[in-house]
Amino acid sequence: MADVTFAAVGKKYGDVSVIDDLNLHIDDGELMVLVGPSGCGKSTALRMIAGLEEVTAGTIAIGDRVVNELPPKDRDIAMVFQSYALYPHMTVRENLEFGLKMRGVARDETSRRVESAAEILGISHLLARKPRDLSGGQRQRVAVGRAIVRQPAVFLFDEPLSNLDAKLRVQTRAEITKLQQTLGTTSVYVTHDQIEAMTMGHRITVMRDGKIQQIGTPQEVYEQPANVFVAQFIGTPPMNLLAAVVADGMLRTSSFALPIAARFRDALTEGQAITLGIRPEHISANGTINAVVDVVEPIGHESIVYASAGSEKLVAIFDPHLTPRAGETIALTIDAEKVHVFDAATERNLG
Ligand SMILES: Nc1ncnc2c1ncn2[C@@H]1O[C@H](COP(=O)(O)OP(=O)(O)O)[C@@H](O)[C@H]1O
Ligand SMILES: [Mg+2]
């Protein structure tokens, strides 16, 4: 068993609280992504699992064992960082062997693990090279290899793809996903990139200012965001968020009104101020909401259309073959069954 449990975990630097009452259970074998904007406490949470930062409140357990007082080397974890932190004077093979030698793993066992990891990662032909003779993507694989050979109970990844170019990042994230599936090792993966979070995580934990906003599968978080922050953070282009009010049984913005879907009726009262959330894919042409197209971004399989309906700015996703031109006036329709309604004051999802 190698589940990871945060129970009421807090972290302060002096008087400044950077993690507050963190409660999170990561299942055995799960790939959990911690995602949120820079500075929200993702790395701090990860480093507390690793034992690189002290926990100032609550407990962290790996399996059944509370590890708060356990030194990093005894925690049975392996960590991969953004900076690959390879030893420049050692070959790839020596880099992979190093941690095992330090732990006194027998020679044949070390060779066996290094060769197997190199095989899995497709770097067998690079074992004799030095890090300076590798591309960024190859170095990143060696860094992952160094974690694999340890055969730890838990992998910890801290933005491991941030130094790679966009194409390599996409390729490598799929490789890490596949690797995690193959090895089945419990993994905690930190990123600020919501696409990485959505594509890689079995579940994702969205954080903001040291607090958890929502924990769920990518689909749950996308379809049922807990609050306005999660709604605008997850999804590209981001969800449209408009100030609105419940008036005459409709959701009324400054320039158009939508009927209230049945699932919101009990939660809403006449006159209530709300934030209306509309995903770009739920806006389409052939409706009754007049809008002027401001900008069109064709990206091949779809086009992103920015339009103004009166004073309301909207972003919509269109079929590339049915895309209007900038300056054109179009008539939009919004799927009222699919919209999100948040309380204007608490920002909580009322659906
Ligand atoms: N050693 C430190 N001393 C004081 N504040 C720190 C220290 N390390 C991190 N912080 C602060 O803690 C917060 C969370 O940092 P971090 O966990 O690195 O965020 P993230 O990884 O989500 O970008 C930030 O506001 C950061 O400035
Ligand atoms: Mg970080």
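Owing to the predicted nature of the structure, the values given are computational and were not obtained by experimental measurement. (Residues numbered from 1 in each chain as written. Chains lettered and ligands numbered in written order. Predicted model: local features only at pLDDT ≥ 70, side-chain atom pairs only at ≥ 80, totals over all residues.)

**Quick word on the overall build of the protein chain**
Looking only at helices and strands, the protein chain has eight helices and 19 strands in total. The C-alpha extent of the protein chain, read off along each of the three principal axes, is 75 × 45 × 35 Å. Per-residue burial over the protein chain gives 37% buried out of 351 residues. (Helix = DSSP H or I, 4+ residues; strand = E, 2+ residues; numbered from the N terminus. Buried ≥ 20, exposed ≤ 12 C-beta atoms within 10 Å, placed from the backbone.)

**Some words on the site of ligand 1**
Taken together, Tyr13, Val18, Gly36, Ser38, Gly39, Cys40, Gly41, Lys42, Ser43 and Thr44 form the complete shell of residues around ligand 1. In terms of residue count, helix H1 (residues 42–50) provides more of the shell around ligand 1 than any other element does, three residues in total. Taken together, the residues of the shell around ligand 1 break down into three nonpolar, six polar and one charged. (Near = placed C-beta within 6 Å. Nonpolar A, V, L, I, M, F, W, Y, C, P; charged D, E, K, R; others polar.)

**Quick notes on the environment of His301**
By secondary structure assignment, the location of His301 is in the loop between strand E15 (283–298) and strand E16 (303–309). You can call His301 exposed: it has 8 C-beta atoms within 10 Å.

**Quick word on the packing of helix H2 (residues 92–102) against helix H4 (residues 136–149)**
Relative to each other, H2 and H4 sit at 30°, their axes nearing to 8 Å. Relative to H4, H2 is oriented roughly parallel. Crossing geometry of H2 relative to H4 is assigned as right-handed. Here Val92, Asn95, Leu96, Gly99 and Leu100 of H2 come into contact with H4, specifically with Val142, Gly145, Arg146 and Val149. Residue composition of the contact of H2 with H4, by class: five nonpolar, three polar and one charged. (Axes fitted to C-alpha atoms, helices over the stretch in contact; angles between N-to-C directions. Parallel < 35°, antiparallel > 145°, perpendicular 65-115°, else oblique. Left-handed = near helix turned anticlockwise from the far one by under 90°. Contact = placed C-beta atoms within 7 Å.)

**A closer look at the sheet that holds strand E9 (residues 203–208)**
If you walk across this open sheet you meet the six strands as E6-E7-E8-E3-E9-E10, and the pairing is mixed. Two strands lie at the open edges of the sheet, namely strand E6 (77–80) and strand E10 (211–216), each paired on one side alone. Direction aside, the axes of adjacent strands within the sheet are offset by 15° on average. Both E6 and strand E7 (residues 154–158) contribute to a ladder of four bridges, which runs parallel. Its bridge partner lying in E7, Ala78 is registered against Phe155. H4 contacts E6 and E7 of the sheet and is inclined by roughly 175° relative to E6. (Pairing = 2+ DSSP bridges.)

**Notes on the domain arrangement of the protein chain**
Many descriptions give the size of an interface as the accessible area lost when the pieces come together. You can read the domains of the protein chain as domain 1 (4–226) and domain 2 (240–343). Between domain 1 and domain 2, the C-alpha centre-to-centre distance is 39 Å. (Domains from an automatic or database assignment.)

**Digging into the packing of H2 against helix H3 (residues 107–121)**
In a pair of packed helices, the angle between the axes and the distance between the axes together describe the arrangement. Contact pair H2 / H3: the axes reach a minimum separation of 10 Å and the direction vectors enclose 135°. As judged from the angle between their axes, H2 and H3 are oblique. In this structure, H2 crosses over H3, and the sense of that crossing is right-handed. Along its contact with H2, which presents Arg93, Leu96, Glu97, Leu100 and Lys101, the element H3 presents Thr110, Arg113, Val114 and Ala117. Tallied by class, residues from the contact of H2 with H3 come to four nonpolar, one polar and four charged.

**A few points about the sheet that holds E16**
The antiparallel open sheet is built from four strands, whose spatial order is E17-E16-E15-E18. Lying at the two open borders of the sheet, with one neighbouring strand each, are strand E17 (312–318) and strand E18 (329–334). Going from strand to strand, the sheet's axes swing by 50° on average, the running direction of each strand aside. Here six bridges tie E15 to E16, and the two strands are oriented antiparallel to one another. By the bridge assignment, Pro298 is partnered in E16 with Ser303.

**Section: H3**
Here H3 contains 15 residues, and its C-alpha end-to-end distance of 21 Å stays within 8% of the 21 Å for a straight helix at 1.5 Å per residue. When we look at burial in H3, the residues that qualify are Thr110, Val114, Ala117 and Ala118. Down the axis, H3 shows its buried residues gathered within 100° of arc, on one side only. For H3, the exposed residues set more than 90 degrees away from the buried face come down to Asp108, Glu109 and Glu119. Looking one or two residues past H3, Gly122 carries a phi angle of roughly 65°, positive in sign. (Expected span 1.5 Å × (residues − 1). Arc of directions from axis to C-beta.)

**Re the pairing of strand E14 (residues 273–278)**
Of all the six residues making up E14, five are buried; the element is thus mostly covered by neighbouring parts of the structure. The pairing of strand E11 (residues 240–247) with E14 spans six bridges and is antiparallel. Bridge pairing in E14 links Ala244 to Ile274.

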